[in-house]
Amino acid sequence: MSDQETPLLGPRATPFGPKTKQDRLAGYSTHLGIGLFTVLVLSVLIRLPLSVFTIHPVFMTIFVVSISEGISLLQPTHTPEQKAQGLKKHAAIQTISYVAAIIGFTAIFYNKVISSKPHFTSGHAQLGVFVFSFLFVQVLFGIIIAVLPRVYGDQSNAKSLWKYHRVSGYLLLVLIWTTVQLGVRADYMFNNLWSPQLIWLHWLVVVLVGYGVLRRIRFGKWGL
Ligand code: HEM
């Protein structure tokens, strides 16, 4: 039975609608891009001697994988149950990603100290410091809205702030992937690729993750 409210070809991607087939395909695209990225980074690390430096790319990979998956799982939530469950998983995964970022950041900073190298000299490093600070603000903002909404007045005031957390989250994700792409092009990583041609696979990662995440955004929810 169909009426005017029921799309004949299955659910469509409306601003607040349920997941569609395209959403699912886009989700696979995100997972595939993230998987390819992890394999590419590992393929370089197995060629390098283990050192304090190794901790940086390993934990930054855990960071980027978990932060991207932690966003993807909320894309899109539809029913109140999905929203509540999604929020719980999101908070747990983003906690892991934040801890990984702290470990990765501390390791590279310490590595520069013990090898007496100057800090924050490359574009990757400078953007990395900015991203790390942005991440702190993003996490704090999210925790306060979820756990201490009274800080922003009443519950509905706090709820109305989710849209800013959502939009700044996507901006942060773009900056993180830009930082990471600069990191894999840093001399030490680039020079240890099996072949310089493989760097093109990192462009494929950008396309797969970029398409996957963008396709599942419900811009209608931004309400800006
Ligand atoms: C798996 C992905 C990553 C790889 C392969 C990687 C690789 C590198 C390499 C080779 C360096 C040393 C050369 C340089 O200073 O540019 C470095 C430094 C640095 N990275 Fe990454 N990076 C990754 C992800 C990240 C992320 C996501 C951030 C920020 C959240 C970050 C922040 C930094 C910082 C701040 C430094 C410089 C530390 C200092 O100068 O004391 N990296 N990274």
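Residues numbered from 1 in each chain as written. Predicted model: local features only at pLDDT ≥ 70, side-chain atom pairs only at ≥ 80, totals over all residues.

Going by an unreviewed UniProt entry, the protein chain carries the name Cytochrome b561 domain-containing protein and comes from Phycomyces blakesleeanus. Taken directly from UniProt, the Cofactor (unreviewed entry) text for the protein chain runs: "heme b". UniProt, in its Subcellular location (unreviewed entry) section for the protein chain, records the words "Membrane". (UniProt positions renumbered as here; feature names shortened; annotations may be inferred.)

A. Quick peek at the overall build of the protein chain. Of the regular secondary structure elements, the protein chain holds 8 helices and 0 strands. Traced from its N-terminal end to its C-terminal end, the protein chain shows the element sequence α-α-α-α-α-α-α-α. Expressed as lengths along the three principal axes of its C-alpha atoms, the size of the protein chain is roughly 65 × 45 × 25 Å. Relative to its 224 residues, the protein chain shows a buried fraction of 24%. Contacts in the protein chain between residues far apart in sequence, at least 24 positions, make up 75% of those at least 6 positions apart. (Helix = DSSP H or I, 4+ residues; strand = E, 2+ residues; numbered from the N terminus. Buried ≥ 20, exposed ≤ 12 C-beta atoms within 10 Å, placed from the backbone. Contact = placed C-beta atoms within 7 Å.)

B. Structural view of helix 3 (residues 80-114). Between its terminal C-alpha atoms helix 3 stretches 51 Å, which fits the 51 Å expected from 35 residues at 1.5 Å a residue. Considered for burial, the residues of helix 3 that qualify are His90, Ile93, Gln94, Ser97, Ala100, Ala101, Gly104, Ala107 and Ile108. Buried residues along helix 3 sit against helix 2 (52-72) and helix 4 (123-147). Directly beyond the C-terminal end of helix 3, a positive phi value near 50 degrees is found at serine 116. (Expected span 1.5 Å × (residues − 1).)

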